[in-house]
Structure formats: structure tokens, C-alpha cells
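Next come the chains, spelled out residue by residue.
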Amino acid sequence: MTDANENKQRDAALAALNGRIARWTEGGERLETAVPGLGLFRRTEPTEPITGMYEPSLCMIAQGAKRVTLADDSYVYDANNYLITSVHLPTLVQITEASPEQPYLGLRLRFDLREVAQLMADSHLPPPRSQQSSRGMATGAVTLPLLGAVSRLIDLLAAPEDIPILAPVIQREILYRLLTGDQGARLRQIATAGSQSQQIARAIEWLKENFTESLRIDDLAEKARMSASTFHHHFRAMTAQSPLQYQKQLRLQEARRLMLAERLDAASAAFQVGYESPSQFSREYGRLFGAPPLRDVARLRETAGGERA
């Protein structure tokens, strides 16, 4: 196949994916589908940067563009590049290209690293392509086979009776495409039992579930079976932040959710997520979200009210 023909087929596949996502998101901005882990998204205007937690997942865009900031690193992706996240990472997220005429259309497919490990055990995969970074997030080139597999997964929404049987098969193909693509080495490293990357990923998982507890680096390093200095180095290499900074973002994001969704006051939310000093909580909250807790939550509620109107 010539490059011209391949590009023509890829453009056609991308246009078809665009149409699929547009069809299923016609009634709103977000659809959590009947396919496990698959979400579809539409936005008609750019957004301000907002905090969010990225899970192990593949994110693709059929139209528009998005910027994801992880500490001091920024990842910009669009219809030509996917974003892959191999561990849970707190980020800043901003849709940079969207309009009513050409809305942002994207998808997210969560995956389980145990499934990645099983596929690696079951398959004789070709050698991975080179990898320059140990970050838990990266962008890669969207290929025609990946577009085809993702489109077929979305097509199952029109035949829900087929989802339990065919969705796992297509998701396994998507994982295969990722494992043999630009960022395959990253996934293999984290899914490999006993690797340093997998040990850090397990420590991240523990920290995500226990972020309200007091953090001792020595204890966390022991869980990862590393020295404290080695653990700190590899944790920062994967997440672009220290364990303490990671825990702080988890606490502040959960406090924000408690104040917004459960209407807790700032002091109660602070204590519930592990802060002992409300004043320290307020200072750190303002640094992350750009405003003190009460003002930030009031703005979020006003924005949500305007969107519902």
C-alpha cells in the first residue's frame, strides 16, 4: 500500500470515527457507554484548565485538540495522536480546539494492567519500539489498525446483545495495537511482574486508596521493595512529582468534590481528607485551584447552574 493510499484510508477511517462519536453524543457532552470502560465526549467550545485524575486508559480525539498538564510536562494531542496513561495521575486538562460547527469529539477507553500482562503472557509479541521516557503518560501516533479496532468497538453500541461476547475480543485487539505501537514498551514495563515500574504502580494504587493517611516515604518505599531514595527517584520519573505532591493533589481534589457534591464546609472537607490545619488546607487549595475553597466552589456551582439553564 502506498503512503498516499494509506493516508486516504486513514482520513476516511477518522471521518467515520468522527461520525460515530457525533451520533452517540448528540444528546449531551458525555456518554458512559454500555461497553465497559468506554466513554464518549463532545464539547462545543474550548475549556479552562480543570483538575482531573487520569486512569490507566487510552484517549483518542476524532475532532479538536486537548492539552493535559502533568506537573511541568504538557501533552497536546489531537486526531493524529492518542494519549496513553499507564497509572493513575492527577493532571490539569484543557480542551483547546472546539466550536459549535466543529465540536471536540473524543473517547476514553479504560484498561486493566492485568489484562495487559495476560496478553503479554499469551502472545509472542514482536520486540517493542524504543522508548525514551519512564513517564506514566505519553502520546503516540494513531494508526489505521487502531482506528479500525476502536470504530468496531463503538459499533457494538448499536447491537448491545453483542457487547458481552465481542467487546472483550476487540478490546484485546486494541491492547495488542498499543503494545506493538509507539508506546508499547511503556505498557510492557509496567505490566511486567517484579519490574520497578510495576512496583511503583502498585505503590501509586495504594496511595490513591489511602491518601487520607499520614505519609511516610520509608513505609511506601518498603511496599515497593526499594530504598527510600530509589523509590523517590522512580516515583518522580513516572508521575513528574514527589509522593507528597501526589498525595496533596489527591486530597485537594477529593475535598473539592466533597464541598461541591456533598456540600461540606471547607473545614469539614479538610479534616475528612487528612488535613489537620484548615489554614494550610486553604492556602494549598488556593494554589492548586486559583481561588480559596468557598470562592472556587461558588464559581463552580454558578457555572454548573448556567450550563443547566
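That block above? That's the structure.
This one's a predicted model, so the numbers in the text were calculated from it and none came from an experiment. All residue numbers refer to position in the chain's written sequence, counted from 1. Given that this is a predicted model, residues contribute local features only at a pLDDT of at least 70 and side-chain atom pairs are listed and counted only at 80 or more, while totals for whole chains, interfaces and linings are drawn from all residues. With hydrogens and water excluded, all non-hydrogen atoms of the structure serve as input to the side-chain values.

Peer 1: Explanation requested: the side chain of Lys-208 in the structure shown.
Peer 2: Inspection of the secondary structure assignment puts Lys-208 in helix α6 (residues 196-209). Lys-208 has contacts with His-88 and Leu-250, leaving out every residue within four places of it along the chain. Helix and strand definitions here come from DSSP, where helices need a minimum of 4 consecutive H or I residues and strands a minimum of 2 consecutive E residues; each element is numbered from the N-terminal end. By definition in these notes, contact holds between two residues if any of their heavy atoms fall within 4.5 Å.

Peer 1: Would you mind going over the pattern of salt bridges with me for this structure?
Peer 2: Should the charged atoms of two oppositely charged side chains come close, the side chains can pair. By definition, a salt bridge exists where a carboxyl oxygen of Asp or Glu is found within 4 Å of a side-chain nitrogen of Lys or Arg. As enumerated under the stated definition, the model contains 16 salt bridges in all. For Arg-114, the salt bridge is made with Asp-112, and the minimal N-O distance between the two is 2.7 Å. Residue classification places Asp-112 among the partly exposed residues on the basis of a relative accessible area of 25%. Across the pair Glu-262 and Arg-257 runs a salt bridge whose closest N-O atoms are separated by 3.3 Å. Judged by relative accessible area, which is 44%, Glu-262 ranks as partly exposed. Classification of residues uses two cut-offs on accessible area relative to the type maximum, computed with a 1.4 Å probe and protein chains only: under 20% is buried, over 50% is exposed, and between them is partly exposed. On the basis of relative accessibility, which here comes to 38%, the residue Arg-257 falls in the partly exposed class. It is possible to trace a salt-bridge network through shared partners that takes in Arg-30, Glu-32 and Arg-108.

Peer 1: So what exactly am I meant to see when it comes to the packing of helix α2 (residues 113-122) against helix α4 (residues 163-179) here?
Peer 2: Geometrically, a packed helix pair is captured by the angle between its two axes and the distance between the axes. An axis is simply a line fitted to the C-alpha atoms; with a helix, the fit covers only the stretch in contact. Between two such axes, the angle follows the N-to-C directions and lies from 0 to 180 degrees. Interaxial distance between α2 and α4 falls to 10 Å at its minimum, and their mutual angle equals 75°. As judged from the angle between their axes, α2 and α4 are roughly perpendicular. Two secondary-structure elements touch here, α2 through Glu-115, Val-116, Leu-119, Met-120 and Asp-122 and α4 through Arg-172, Leu-175, Tyr-176 and Leu-179. Following the grouping adopted for this structure description, the nonpolar residues are Ala, Val, Leu, Ile, Met, Phe, Trp, Tyr, Cys and Pro, the charged ones are Asp, Glu, Lys and Arg, and the polar ones are all others, Gly among them. Considering only residue class, the contact of α2 with α4 consists of 6 nonpolar, no polar and 3 charged. For classification purposes, an angle smaller than 35 degrees is called roughly parallel, one larger than 145 roughly antiparallel, one from 65 to 115 roughly perpendicular, and anything else oblique.

Peer 1: Sorry, what's going on with the nonpolar core here?
Peer 2: One recurring pattern in soluble globular proteins is that nonpolar side chains are buried together. In this structure, Met-60 and Ile-174 are the most contacted members of the largest nonpolar core, which totals 85 residues. Top element by residues in this core is α4. It accounts for 7 residues. Look past the residues within four positions of Ile-174 in its chain and what remains in contact with it is Leu-58, Leu-109, Leu-146, Ala-149, Val-150 and Leu-153. Among buried residues, those of type Ala, Val, Leu, Ile, Met, Phe, Trp, Tyr and Cys that are joined through side-chain atoms within 4.5 Å constitute a nonpolar core.

Peer 1: In this structure, what is going on with the layout of surface pockets? I would like to understand it.
Peer 2: Empty space left among the atoms is revealed by rolling a probe the size of a water molecule over them. In this analysis a 1.4 Å probe is tested at points of a 1 Å grid over the protein atoms alone, and where it fits but cannot get out there is a cavity; an open set with protein on both sides within 12 Å along at least five of seven lines is a pocket; lining residues have an atom within 4 Å of a point. Grid points are joined across faces, edges and corners, and a volume is the space filled by probe spheres set on the points. Estimated volume of the largest pocket: approximately 1,500 Å³. Forming the walls of the largest pocket are 42 residues, and the residues nearest its centre are Arg-30, Arg-43, Ile-50, Thr-51 and Val-93. Of all the elements in the fold, those that place two or more residues in the lining of the largest pocket are β2 (38-43), β3 (50-54), β4 (57-63), β8 (89-97), β9 (104-110), α9 (243-261), α11 (278-289) and α12 (293-308). Here the lining of the largest pocket takes 6 residues from α12, the largest share from any one element. Of the residues assigned to the lining of the largest pocket, the class counts are 19 nonpolar, 8 polar and 15 charged.

Peer 1: Explanation requested: the sheet that holds β9 in the structure shown.
Peer 2: For sheets, the rule is that strands pair by backbone hydrogen bonds, running either parallel or antiparallel. Any two strands are treated as partners once DSSP identifies two or more bridges connecting them. If you trace the 6 strands from one edge of the open sheet to the other, you get β1-β2-β9-β4-β7-β10, paired in antiparallel fashion. Each having just a single partner strand, β1 (30-32) and β10 (137-141) make up the two edges of the open sheet. Strand-to-strand twist of the sheet, defined as the mean angle between neighbouring strand axes without regard to direction, takes the value 20°. Judged from the 3 bridges that link them, β4 and strand β7 (residues 81-85) form a sheet pairing that is antiparallel. Note on β7: the bridge partner recorded for Cys-59 is Leu-83.

Peer 1: Whenever I open this one, the sheet that holds strand β5 (residues 65-70) confuses me. Can you help?
Peer 2: The 4 strands lie next to each other as β3-β8-β5-β6, forming an open sheet whose pairing is antiparallel. Whereas interior strands pair on both sides, the edge strands pair on one side only; in this sheet they are β3 and β6 (73-78). Across the sheet, the axes of successive neighbouring strands diverge by a mean angle of 35°, strand direction being ignored. With 5 bridges connecting them, β3 and β8 associate as antiparallel partners. Across the sheet, residue Tyr-54 finds its bridge partner in β8, namely Leu-89.

Peer 1: Please clarify how the pairing of β4 should be interpreted in this entry.
Peer 2: Moving residue by residue along a regular strand, the side chains alternate between the two faces of the sheet. Burial of β4 is extensive: 7 of the 7 residues sit out of reach of the surface. Examined bridge by bridge, β4 and β9 share 6 bridges and lie antiparallel to one another. Residue pairing across strands places Ile-61 opposite Gly-106, the latter belonging to β9.

Peer 1: What should I look at first to understand α9 in this one?
Peer 2: Every α-helical turn comprises 3.6 residues, leaving residues that sit three or four positions apart pointing alike. The span one expects for a helix is its residue count, reduced by one, times 1.5 Å. Taking 1.5 Å per residue as the helical rise, α9 with its 19 residues ought to reach 27 Å, and the 27 Å between its terminal C-alpha atoms agrees with that figure. Trailing α9 by a residue or two, Arg-263 shows a phi angle of about 60°, which is positive.

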